[in-house]
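Here's the letter readout for the chains.
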Amino acid sequence: MTYCVGMVLEKGLVLMSDTRTNSGVDNISVFRKMFTWQVPGERIITVMTAGNLATTQAVISQLEERTKQPDDRDNAILKSPTMFQVATEIGKLLRDIIADRQGANGDRGRGRFTASIIVAGQIAGMEPRLFMVYPEGNFIEASLDTPFFQIGETKYGRPIIIRGYDRTMSLEDGVKLLMVSFDSTLKANLSVGLPLDLQVIKRDSFEAGHQHRVTHDDPYFQAISSSWGDALKNAFHSLPDYSFYHGDD
């Protein structure tokens, strides 16, 4: 399993993904799930992947090849005029790869090669944008009502983001919020694991202003995990006590 989050703030985009893949408790590996392409001063595009590893690696490999094509060939990632069209091309590619893999494996492949992708980035002259691409190739875009997307093992970290999110928060606070969300997920589900990949894209910078791999000995993540645990305990003990005796009972 995996856990990836993309979040839109007024000041830019904050993205984080884990790196764990597993086929059972005794077969755990580390694979990067966050990938970035950029043209300095003109655009930056980042994708995060979840789902069948062979499928997501095929998508990334083809995207990488497209970025290496000669100038006279179409380049869907670095030449698309809008982020909407970037998401459209990635959706088509994902759909085609899934269909090909499932077709090659017949009934045995049905439902086994699915994947989903978060697409984030900004092109010069336009707003930072965030999309979630489904296995069928269709996608939705983040909005004021839905300012973040999660893929993979989403349920444990979602309540943290819902309660803590504020579109006007700083990028640093956005990172802190995702750190807490990932810590909660790590504590609850062994299929999500360190190291984590973090990327911050500041509005109109067209570059990854901050990239960081969070490992087991990362002092900030350790402090977040410990402090969050203590804060939860303190908050719990500060709540009104329950009584088995109420009034005339």
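Residues numbered from 1 in each chain as written. Predicted model: local features only at pLDDT ≥ 70, side-chain atom pairs only at ≥ 80, totals over all residues. Heavy atoms only, no water.

Engineer: Can you help me understand the pairing of strand S7 (residues 115-123) in this one?
Structural biologist: Residues in a regular strand project their side chains so that they alternate between the two faces of the sheet. With respect to burial, S7 is a largely interior element, 9 of its 9 residues being buried. Of the two faces of S7, the one holding Ala115, Ile117, Val119, Gly121 and Ile123 and the one holding Ser116, Ile118, Ala120 and Gln122 are both buried throughout. Bridge count for strand S6 (residues 43-51) against S7 is 9 bridges, and the pairing is antiparallel. Residue Met48 lies in a different strand from S7, and its bridge partner there is Ile118. Both S7 and strand S8 (residues 129-133) contribute to a ladder of 5 bridges, which runs antiparallel. Across the sheet, Ile117 pairs through a bridge with Val133, a residue of S8. (Buried < 20%, exposed > 50% of the residue type's maximum accessible area, 1.4 Å probe, protein only. Helix = DSSP H or I, 4+ residues; strand = E, 2+ residues; numbered from the N terminus. Pairing = 2+ DSSP bridges.)

Engineer: Would you take a moment to explain unusual backbone geometry for this structure?
Structural biologist: Glycine aside, a negative phi is what most residues show, and trans is what most peptide bonds show. Of note, the bond from Leu194 into Pro195 is cis; its omega dihedral lies within 30 degrees of zero at 0°. Tracing the chain through its elements places Pro195 in the loop between helix H4 (171-188) and strand S11 (196-202). The phi dihedral of Asp204 is positive, around 65°, even though this residue is not glycine. Mapped onto the elements of the fold, Asp204 is located in the loop between S11 and strand S12 (210-214). At Phe206, a residue that is not glycine, the phi angle is positive and equals roughly 55°.

Engineer: Help me understand the packing of H4 against helix H5 (residues 219-238), please; the structure alone is not making it clear to me.
Structural biologist: The relative placement of two packed helices comes down to the angle between their axes together with the axis-to-axis distance. Interhelical geometry of H4 versus H5 gives an angle of 70° and a closest axis separation of 10 Å. Taken together, the axes of H4 and H5 are roughly perpendicular relative to one another. Between H4, through Lys176, Met179, Val180, Asp183, Ser184, Leu186 and Lys187, and H5, the contact on the second element is made entirely by Tyr220, Phe221, Ile224, Ser225 and Trp228. Considering only residue class, the contact of H4 with H5 consists of 7 nonpolar, 2 polar and 3 charged. (Axes fitted to C-alpha atoms, helices over the stretch in contact; angles between N-to-C directions. Parallel < 35°, antiparallel > 145°, perpendicular 65-115°, else oblique. Contact = heavy atoms within 4.5 Å. Nonpolar A, V, L, I, M, F, W, Y, C, P; charged D, E, K, R; others polar.)

Engineer: Can you walk me through the packing of helix H1 (residues 53-67) against helix H2 (residues 83-105) in this structure?
Structural biologist: It is at 10 Å that the axes of H1 and H2 come closest, and there the two elements cross at 130°. When the axis of H1 is compared with that of H2, the two are oblique. Helix-helix and strand crossings are classified by hand; for H1 and H2 the assignment is right-handed. Listed contacts from H2 to Ala54, Thr55, Ala58, Val59, Gln62, Leu63 and Arg66 of H1 are Glu89, Ile90, Leu93, Leu94, Ile97, Ile98 and Arg101. (Left-handed = near helix turned anticlockwise from the far one by under 90°.)

Engineer: Sorry, what's going on with the side chain of Thr46 here?
Structural biologist: Relative to the helices and strands, Thr46 resides in strand S6. One polar contact links Thr46 to Thr36, side chain to side chain, over a distance of 2.9 Å. Polar side-chain contacts of Thr46 include one of 2.6 Å to the side chain of Gln199. In contact with Thr46, other than residues within four places in its own chain, are Leu15, Met34, Phe35, Thr36, Ile118, Val119, Ala120, Gln199 and Ile201. (Polar contact = N/O pair within 3.5 Å; in protein donor to acceptor, adjacent residues only side chain to side chain.)

Engineer: For this particular structure, what's the right way to read the sheet that holds S7?
Structural biologist: Sheets are built from strands paired through backbone hydrogen bonds, the pairs being either parallel or antiparallel. If you walk across this open sheet you meet the 5 strands as S5-S6-S7-S8-S9, and the pairing is antiparallel. With one partner strand each, in any of the chains shown, strand S5 (34-39) and strand S9 (139-141) form the two edges of the open sheet. Across this sheet, the average inter-strand angle for adjacent strands is 15°, counted without regard to direction. Relative to S6, S5 runs antiparallel, the two sharing 6 bridges. Across the sheet, the residue bridging to Thr36 is Thr46, located in S6. Helix-sheet contacts for H2 involve S6, S7, S8 and S9, and the interaxial angle to S7 is about 160°.

Engineer: Hey, could you run me through H4 in this one?
Structural biologist: Quick reminder: α-helices carry 3.6 residues per turn. Residues three or four places apart thus point the same way. Taking 1.5 Å per residue as the helical rise, H4 with its 18 residues ought to reach 26 Å, and the 26 Å between its terminal C-alpha atoms agrees with that figure. The buried count for H4 comes to 13 of 18 residues, which makes it a mostly enclosed element. (Expected span 1.5 Å × (residues − 1).)

Engineer: Please clarify how the sheet that holds S12 should be interpreted in this entry.
Structural biologist: Strand order in the open sheet made by the 5 strands is S10-S1-S2-S11-S12, with antiparallel pairing throughout. At either margin of the open sheet sits one strand with a lone partner, and together these are strand S10 (148-152) and S12. Within the sheet, the average angular offset between the axes of one strand and its neighbour, ignoring direction, is 10°. Sheet topology places S11 next to S12; 5 bridges connect them, and they run antiparallel. Along S12, the bridge assignment pairs Asp197 with Arg213.

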